[in-house]
Amino acid sequence: QVQLVESGGGLVQAGGSLRLSCAASGRTFSNYGMAWFRQAPGKEREFVGVCWSGGITYYGDSVKGRFTISRDNGKNTINLQMNSLKPEDTAVYYCAAGIVYGWAYREVLKYVYWGQGTQVTVSS
(Lines give C-alpha, C1' and ligand atoms only; values in the text may rest on other atoms or scores of the structure.)
Protein backbone atom coordinates (compact mmCIF):
# COMPACT_ATOMS: atom_id res chain seq x y z
CA GLN A 1 0.00 0.00 0.00
CA VAL A 2 1.46 3.31 -1.07
CA GLN A 3 1.50 6.03 1.57
CA LEU A 4 2.73 9.59 1.64
CA VAL A 5 2.81 11.12 5.09
CA GLU A 6 3.53 14.79 5.63
CA SER A 7 4.79 16.36 8.83
CA GLY A 8 6.14 19.67 10.07
CA GLY A 9 3.27 22.06 9.60
CA GLY A 10 2.27 24.62 12.17
CA LEU A 11 1.87 28.28 13.02
CA VAL A 12 4.64 30.76 12.29
CA GLN A 13 4.94 34.53 12.13
CA ALA A 14 5.48 36.32 8.86
CA GLY A 15 9.15 36.31 7.94
CA GLY A 16 9.75 33.03 9.73
CA SER A 17 10.62 29.59 8.47
CA LEU A 18 9.17 26.10 8.52
CA ARG A 19 10.36 22.78 7.19
CA LEU A 20 7.92 20.19 5.93
CA SER A 21 8.77 16.56 5.38
CA CYS A 22 7.08 13.81 3.41
CA ALA A 23 7.83 10.14 3.93
CA ALA A 24 6.82 7.84 1.07
CA SER A 25 6.42 4.09 1.34
CA GLY A 26 4.91 1.15 -0.45
CA ARG A 27 6.84 1.25 -3.71
CA THR A 28 9.95 2.56 -5.40
CA PHE A 29 9.70 6.22 -6.33
CA SER A 30 12.93 6.57 -8.30
CA ASN A 31 11.03 7.24 -11.54
CA TYR A 32 8.55 9.55 -9.90
CA GLY A 33 8.50 13.27 -9.62
CA MET A 34 7.79 14.13 -6.00
CA ALA A 35 6.07 17.42 -5.50
CA TRP A 36 4.47 19.81 -3.08
CA PHE A 37 1.14 21.47 -3.71
CA ARG A 38 -0.90 23.73 -1.46
CA GLN A 39 -4.51 24.70 -1.15
CA ALA A 40 -5.89 27.72 0.64
CA PRO A 41 -9.57 27.95 1.63
CA GLY A 42 -11.74 28.69 -1.36
CA LYS A 43 -8.87 28.37 -3.84
CA GLU A 44 -7.67 25.74 -6.25
CA ARG A 45 -4.77 23.49 -5.42
CA GLU A 46 -1.56 25.28 -6.39
CA PHE A 47 1.76 23.87 -7.53
CA VAL A 48 4.61 24.69 -5.13
CA GLY A 49 7.55 22.68 -6.42
CA VAL A 50 8.74 19.34 -7.73
CA CYS A 51 11.94 17.33 -7.49
CA TRP A 52 13.08 14.34 -9.50
CA SER A 53 15.47 11.67 -8.26
CA GLY A 54 18.32 13.26 -10.22
CA GLY A 55 17.90 16.44 -8.22
CA ILE A 56 16.24 18.62 -10.83
CA THR A 57 13.74 20.97 -9.25
CA TYR A 58 11.14 23.44 -10.44
CA TYR A 59 9.17 25.91 -8.36
CA GLY A 60 5.99 27.87 -8.62
CA ASP A 61 6.45 31.57 -9.26
CA SER A 62 4.97 32.60 -5.92
CA VAL A 63 7.58 30.66 -3.91
CA LYS A 64 10.65 30.87 -6.11
CA GLY A 65 13.65 32.10 -4.15
CA ARG A 66 12.00 31.44 -0.78
CA PHE A 67 11.24 27.72 -0.81
CA THR A 68 13.66 24.88 -1.43
CA ILE A 69 12.88 21.23 -2.08
CA SER A 70 15.31 18.48 -1.21
CA ARG A 71 14.96 14.77 -1.76
CA ASP A 72 16.57 11.72 -0.19
CA ASN A 73 16.10 8.85 -2.63
CA GLY A 74 17.47 6.26 -0.22
CA LYS A 75 14.92 7.17 2.43
CA ASN A 76 12.08 7.98 0.03
CA THR A 77 11.62 11.37 1.62
CA ILE A 78 11.13 14.84 0.30
CA ASN A 79 11.45 18.04 2.27
CA LEU A 80 10.23 21.57 1.75
CA GLN A 81 12.22 24.32 3.43
CA MET A 82 10.10 27.46 3.55
CA ASN A 83 11.78 30.76 4.37
CA SER A 84 10.55 34.34 4.45
CA LEU A 85 7.02 33.12 4.93
CA LYS A 86 4.12 35.41 4.14
CA PRO A 87 0.49 35.32 5.29
CA GLU A 88 -0.48 34.38 1.73
CA ASP A 89 1.51 31.16 2.15
CA THR A 90 -1.17 29.97 4.58
CA ALA A 91 -2.64 26.75 3.20
CA VAL A 92 -2.80 23.01 3.56
CA TYR A 93 0.36 21.62 2.02
CA TYR A 94 0.25 18.29 0.22
CA CYS A 95 2.98 15.93 -0.86
CA ALA A 96 2.38 14.14 -4.16
CA ALA A 97 4.11 11.66 -6.43
CA GLY A 98 3.62 10.91 -10.10
CA ILE A 99 5.38 10.00 -13.33
CA VAL A 100 5.37 13.39 -14.99
CA TYR A 101 7.06 14.74 -18.08
CA GLY A 102 7.70 18.14 -19.49
CA TRP A 103 5.55 20.96 -18.23
CA ALA A 104 3.00 18.53 -16.84
CA TYR A 105 4.68 18.70 -13.45
CA ARG A 106 2.41 21.64 -12.60
CA GLU A 107 -0.77 19.67 -13.18
CA VAL A 108 -2.61 18.21 -10.21
CA LEU A 109 -4.11 15.37 -12.24
CA LYS A 110 -0.68 14.05 -13.23
CA TYR A 111 0.03 12.97 -9.66
CA VAL A 112 -1.42 9.64 -8.60
CA TYR A 113 -0.32 9.49 -4.98
CA TRP A 114 -1.14 12.11 -2.38
CA GLY A 115 -0.57 12.65 1.28
CA GLN A 116 -3.26 13.75 3.70
CA GLY A 117 -1.91 17.29 3.96
CA THR A 118 -0.45 19.41 6.72
CA GLN A 119 -1.63 22.87 7.74
CA VAL A 120 0.70 25.84 7.53
CA THR A 121 -0.53 29.09 9.01
CA VAL A 122 1.46 32.31 8.72
CA SER A 123 0.35 35.14 10.96
CA SER A 124 0.93 38.79 10.09
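Residues numbered from 1 in each chain as written. Predicted model: local features only at pLDDT ≥ 70, side-chain atom pairs only at ≥ 80, totals over all residues. Heavy atoms only, no water.

Caption draft 1: Expanded view of the overall build of the chain. Counting its secondary structure elements, the chain contains zero helices and 11 strands. Along the chain, helices and strands appear, N-terminal first, in the series β-β-β-β-β-β-β-β-β-β-β. Computed over its C-alpha atoms, the radius of gyration of the chain comes to 13 Å, within 12% of the 14 Å expected for a compact globule of 124 residues. C-alpha extents for the chain along the principal axes are approximately 40 × 25 × 25 Å. Per-residue burial over the chain gives 44% buried out of 124 residues. When the accessible area of the chain is evaluated, it comes to approximately 6400 Å², of which 49% is carbon and sulfur surface. Side chains of the chain give 12 positive and 8 negative charges; the mean places of these two sets differ by 4 Å. (Helix = DSSP H or I, 4+ residues; strand = E, 2+ residues; numbered from the N terminus. Rg over C-alpha atoms; globule rule 2.2 N^0.38 Å. Buried < 20%, exposed > 50% of the residue type's maximum accessible area, 1.4 Å probe, protein only. Areas by Shrake-Rupley, 256 points an atom, 1.4 Å probe, with all protein chains shown as cover. Lys, Arg positive; Asp, Glu negative; His and termini not counted. Charge placed at Lys NZ, Arg CZ, Asp CG, Glu CD.)

Caption draft 2: Expanded view of the side chain of Asn-76. With respect to the helices and strands, the residue Asn-76 is situated in the loop between strand S7 (67-72) and strand S8 (77-82). Residues in contact with Asn-76, not counting those within four places in the same chain, are Cys-22, Ala-23, Ala-24, Arg-27 and Phe-29. (Contact = heavy atoms within 4.5 Å.)

Caption draft 3: Summary view of the side chain of Arg-66. With respect to the element layout, Arg-66 can be found in the loop between strand S6 (57-59) and S7. On the accessibility criterion, Arg-66 (10% relative accessible area) is buried. Those residues in contact with Arg-66 that sit more than four places away from it in its chain are Gln-81, Met-82, Asn-83, Ser-84, Leu-85, Lys-86 and Asp-89.

Caption draft 4: View of the pattern of salt bridges. Here the structure, examined in full by the defined rule, presents four salt bridges. In this structure, the salt-bridge partner of Glu-46 is Arg-38, at a minimum N-O distance of 2.8 Å. Connected through salt bridges with shared partners, the residues Arg-38, Glu-46, Arg-66 and Asp-89 form a single ionic network. (Salt bridge = Lys/Arg side-chain N within 4 Å of Asp/Glu carboxyl O.)

Caption draft 5: Quick peek at the nonpolar core. Trp-36, Leu-80, Met-82 and Tyr-93 are the most contacted members of the largest nonpolar core, which totals 27 residues. Core analysis: the second largest hydrophobic core is formed by nine residues, Phe-37, Ala-96, Val-100 and Tyr-111 among them. (Core = buried A, V, L, I, M, F, W, Y, C linked by side-chain atoms within 4.5 Å.)

Caption draft 6: Molecular detail of unusual backbone geometry. Its identity is not glycine, yet Asn-76 carries a phi of approximately 55°, on the positive side. The backbone of Ser-84 shows a phi angle near 50°, a positive value even though the residue is not glycine. Within the element layout of this structure, Ser-84 appears in the loop between S8 and strand S9 (91-98). Given the relative accessible area of 40%, Ser-84 is considered partly exposed.

Caption draft 7: A look at the sheet that holds strand S3 (residues 18-25). Strands sit in the order S1-S3-S8-S7 across an open sheet of four strands; the sheet is antiparallel. Strand pairing shows two members of the sheet lacking a second neighbour, strand S1 (3-7) and S7, which therefore form its edges. Direction aside, the axes of adjacent strands within the sheet are offset by 15° on average. With five bridges connecting them, S1 and S3 associate as antiparallel partners. The residue bridging Ser-7 from the neighbouring strand is Ser-21, located in S3. (Pairing = 2+ DSSP bridges. Axes fitted to C-alpha atoms, helices over the stretch in contact; angles between N-to-C directions.)

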